[in-house]
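As a plain string of letters, each chain reads:
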Amino acid sequence: MEQEIRELKRQRELDRETAQIKASSAAAKPVPVAKAGADGFSLQSADGNFVLRVKGYVQTDARFYLADSAHNGTDSFLVRRARPIIEGALFHDFEYRLMLDAGSGQGLLQDAFVEWKYWPAAKLRVGKFKPPVGLEQLQSDAMLFFIERGLPSALLPNRDVGVQLSGELLGGVVSYAGGVFNGTVDGASTDVDVTDSKEGAARIFLQPFKTLDAPALRGFGAGFGGSVGNQQSTGTTTNLPSYKSTGQNTFFSFSKGVALDGVEVRGTPQAFYYVGPVGLYGEYAWADQEVRRGALLDHARSTAWQVQASVVLTGERATYNGVTPERPFDPGAGDWGAWELVARYGELRIGPTVFSTDPTPTGQRFADPTKSAQEARYWGVGVNWYLNRVFKLALDYEQTDFDGGAGTTGATTFTIRNRQTERALFSRMQMTF
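Here the structure is a predicted model, which is why all the values come from computation and not from measurement.

Peer 1: An account of the packing of aromatic side chains is requested, with residue identities and associated values reported.
Peer 2: Counting across every chain of the model gives 26 aromatic pairs. Summarising the aromatic geometry, the rings of Phe129 and Phe181 are spaced 5.5 Å apart at their centres and angled 70° between planes, so their arrangement reads as edge-to-face. A residue pair is termed long-range when its members are at least 10 positions apart, and Phe129 in strand β7 (residues 122–129) and Phe181 in strand β9 (residues 174–181) qualify at 52 residues. For Phe129, a relative accessible area of 1% corresponds to the buried category. Here the aromatic residues Phe145, Phe205, Phe272, Tyr274, Tyr281 and Tyr320 are joined through ring pairs into a cluster of three or more. We note Arg344 situated over the ring of Phe146; from NZ or CZ to the ring centre the distance is 4.2 Å.

Following this line, the structure appears as structure tokens:
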């Protein structure tokens, strides 16, 4: 009996050791991971090679135009953007992104691309995305200082289909991108090409102090972006750009019969500087497009620039990618999120050769000065309230003055007046996850 008892005890010890080994092995074995939080919802395979993230943002706006006797704008409530985003990784080295937009009463494909990122210094992207040109244009709509972009972005491409090589060097001190795209008109997006011509776009951006022990200079960056391509109108589309104010009302468009007929060159020097709660932001852009009206050929030259400034009143860091409140909104605990004040000024000018003061129908060249403004000067102020990482409220006042853009055409003369000053009051509720 004593022998049997000893054998049973030994067997029990062996069983316990075996159970411990199995438990330890199970704990060490990787398992799939599911997460949910302010950054969205994600699934990750046990080995980390496959990732699926579901994200998105919704922007609900209110627009009101003050002293608008000319009825250039319509007071309205609207869902400006409603964008579900699916992104992630395949076999670790391939990233993908799909973003749709159901806002403004239409369904659009915004982003759809795959990027091979085996080497951080040389990543290859194919699909539809933002060409590497403008500073503000490349910034996410959810991270802008103001509710709407400034006028330099109106001259630069928005989204296009193509292939791009990009990367970072020296620990992010130098970033570059360059690619070949179908080509799109100023400020626009496209899904298909209507001609055989293609457009090249490239950008280089330097942050010389990014890796140095110099906090006051680490947030400085400057660069240059540009594009060149042959834009042609066809029998089925004129493919002409038009320009909108920051209040989202069209103030310039080409006359009927005008067509794109040649090379367009764009360029944009750009810079930002962030230090502590203060952010500064500047960009200059130009676009030179060959256009035709009948037998007349000309260059439509447009330039635009703007400067923006922000200060986070609650002390959080200002960054190119927005503000993250240190103390999310919780009135019971006396926490009110982050508050930011913003201001900007800018101008857009259309080259004078685009307009003609000859009142005869054949004399009017590429744009009618009684319908399209030659210059727009705008300034704006606003306040952003970041309740937490998900919710943001914004209130902006934008005022734009115009040269030309109104008047009448007589039998022998033009009567040109300035388009009525635009005074726009915008608000936004934004949810990002």
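Peer 1: Residues and numbers for the pattern of salt bridges, please.
Peer 2: Taken as a whole and assessed by the stated rule, the structure comprises 30 salt bridges. Here Arg266 ties to Asp186 by a salt bridge, and the two come within 3.1 Å at their closest N and O atoms. Separated by 80 residues along the polypeptide, Arg266 in strand β14 (residues 258–275) and Asp186 in the loop between β9 and β10 (199–206) bring together distant segments of the chain. Assigned by exposure class, Arg266 and Asp186 land together as buried. Between Glu199 and Arg266 there is a salt bridge, with the nearest N and O atoms lying 3.3 Å from each other. A residue pair is termed long-range when its members are at least 10 positions apart, and Glu199 in strand β10 and Arg266 in strand β14 qualify at 67 residues. Judged by its relative accessible area of 3%, Glu199 falls in the buried class. Using a relative accessible area of 3% as the deciding quantity, one classes Arg266 as buried. Overlapping salt bridges, with partners in common, bring together Arg53, Lys55, Glu87, Arg97, Asp111 and Arg159 in one network.

Parameters and conventions
Residues numbered from 1 in each chain as written. Predicted model: local features only at pLDDT ≥ 70, side-chain atom pairs only at ≥ 80, totals over all residues. Heavy atoms only, no water. Phe/Tyr/Trp six-rings, centres within 6.5 Å; stacked < 30°, edge-to-face > 60°. Helix = DSSP H or I, 4+ residues; strand = E, 2+ residues; numbered from the N terminus. Buried < 20%, exposed > 50% of the residue type's maximum accessible area, 1.4 Å probe, protein only. Lys NZ or Arg CZ within 6 Å of the ring centre and 35° of its normal. Salt bridge = Lys/Arg side-chain N within 4 Å of Asp/Glu carboxyl O.

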